[in-house]
Amino acid sequence: MARDEEAEEREFLADLHTRTGRDLAQWMAAIAAQSFSDKNEVIDWLRAQGIPFARASWLERIHSNGGRPIYGQQPGQPGDEGKTQPPAAKAAPPRSPSRRELADLERLLAASKGYRPLYQMLEAEIRTVVPDLVVRPKAGYLSLGAPCEFAAVTLHASELRLGLDLGDAPHAHALQRPRWRGPGPAISHMVVLTDARQVNADLLNLVKAANRRVNG
């Protein structure tokens, strides 16, 4: 999926000015001028400017990355004049997904309908704390491993369900017992997601805990 997102980012940045009236540097300056303290404030503000959720999330990620694109250098950024940027270092994926895996992945993502951008944001945020994340389509769910499965996601038209291998941790409040078919019994806890604000530091700490438990 990293290659797909890299291509999507290039396309997004190429037509950013045409679609929004501002290029990347202008949006970064506009965000910085607001002095936001939380990424959700950035996303909400961008959506109020007419930016769709998925693009608002991407701009916020770039802003959090120091104004630099996630997957590559954007020509024309301030300070780039006369400089040759070295290619960004990228971790090579274990292997390219097969056509069948890509088709299975797309089928699962299609089931999420309007929550697809929320899944894309969730995956991107998980990659910030689990850089070697591998997403594999399975029967009815997405398996998240690094390399062994420590989490799973089922996608629905009304919500996303993130499952985590947290062993005997208590089930309380948002951390529920799993309700689904597909992921095995090792996935012991579930969080129902319907809003970008739920993808926060607390959730990512749970993700890290599950990965540590499984992959050390």
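Keep in mind the model is a prediction, meaning the values are calculated, not measured.

Asks: Where do I start with the overall build of the protein in this structure?
Replies: Secondary structure assignment for the protein yields eight helices and five strands. Helices (α) and strands (β) of the protein occur, in sequence order from the N terminus, as α-α-α-α-α-α-α-β-β-β-β-β-α. Across the 216 residues of the protein, 40% fall into the buried class. Pairs at least 24 apart in sequence give 53% of the contacts found in the protein among residues at least 6 apart. Total accessible area on the protein is roughly 11900 Å²; 51% of this is exposed by carbon and sulfur atoms.

Asks: I keep staring at unusual backbone geometry and nothing clicks. Help me out?
Replies: The phi torsion of most residues other than glycine is negative, and most of the peptide bonds are trans. The omega torsion of the bond from A146 to P147 falls at 0°, within 30 degrees of zero and hence cis. Residue placement: P147 occurs in the loop between strand 2 (141–145) and strand 3 (149–155). The backbone phi angle of S35 is positive, close to 55°, even though this residue is not glycine. Looking at the element boundaries, S35 is found in the loop between helix 3 (24–34) and helix 4 (39–48). Its identity is not glycine, yet H173 carries a phi of approximately 55°, on the positive side. Under the relative-accessibility criterion, H173 is labelled exposed at 82%.

Asks: For this particular structure, what's the right way to read the pattern of salt bridges?
Replies: For side chains of opposite charge, pairing can occur when their charged atoms come near one another. All told, the structure shown has nine salt bridges when counted by the stated rule. One salt bridge connects D165 with R213, and the closest N-O pair in it is separated by 2.8 Å. Of this pair, D165 sits in the loop between strand 4 (160–164) and strand 5 (189–193) while R213 sits in helix 8 (residues 201–215), placing them 48 residues apart in sequence. A salt bridge links D195 to R197, with the nearest nitrogen and oxygen atoms 3.4 Å apart. Since its relative accessible area comes to 29%, D195 is described here as partly exposed. By relative accessible area, R197 is classed as partly exposed at 44%. Through salt bridges with shared partners, one network takes in D15, R19 and R55.

Asks: How do you make sense of the environment of E125 when you look at a structure like this?
Replies: Here E125 is to be found in helix 7 (residues 116–129). Residues E125 and A201, spaced 76 residues apart in sequence, show a C-alpha to C-alpha distance of 9.7 Å. In contact with E125, not counting residues within four places along its chain, are K39, R61, V199 and L204.

Asks: Where do I start with the confidence of the model for the protein in this structure?
Replies: For the protein, per-residue confidence averages 82 on the pLDDT scale, and 85% of positions sit at 70 or higher. Looking at the elements of the protein, mean pLDDT is at its lowest for helix 1 (residues 2–14), recorded as 75, and at its highest for strand 5, recorded as 95. Segment residues 74–94 is flagged for pLDDT under 50; beyond a separation of four residues in sequence, or across chains, it makes 15 contacts in the model.

What counts and what doesn't
- Each chain has its residues counted from 1, running along the sequence as written.
- Where totals are concerned, whole chains, interfaces and linings use all residues; where local detail is concerned, this predicted model gives features only for residues with pLDDT of at least 70, and gives and counts side-chain atom pairs only at 80 or more.
- With hydrogens and water stripped out, all remaining heavy atoms of the structure feed into the side-chain values.
- Helix and strand labels come from DSSP, where a helix needs a run of H or I of at least four residues and a strand needs a run of E of at least two; each type is numbered from the N terminus.
- Throughout this description, buried means an accessible area under 20% of the type-specific maximum (1.4 Å probe, protein chains only), exposed means over 50%, and partly exposed covers the range between.
- Contacts are assigned to residue pairs that have any heavy atoms within 4.5 Å of one another.
- Calculation of accessible area relied on Shrake-Rupley with a 1.4 Å probe; when residues are assessed, cover is drawn exclusively from the protein chains displayed.
- We define a salt bridge as a contact between a side-chain nitrogen of Lys or Arg and a carboxyl oxygen of Asp or Glu at a distance within 4 Å.
- Per-residue confidence from the prediction method is given by pLDDT, with values spanning 0 to 100.

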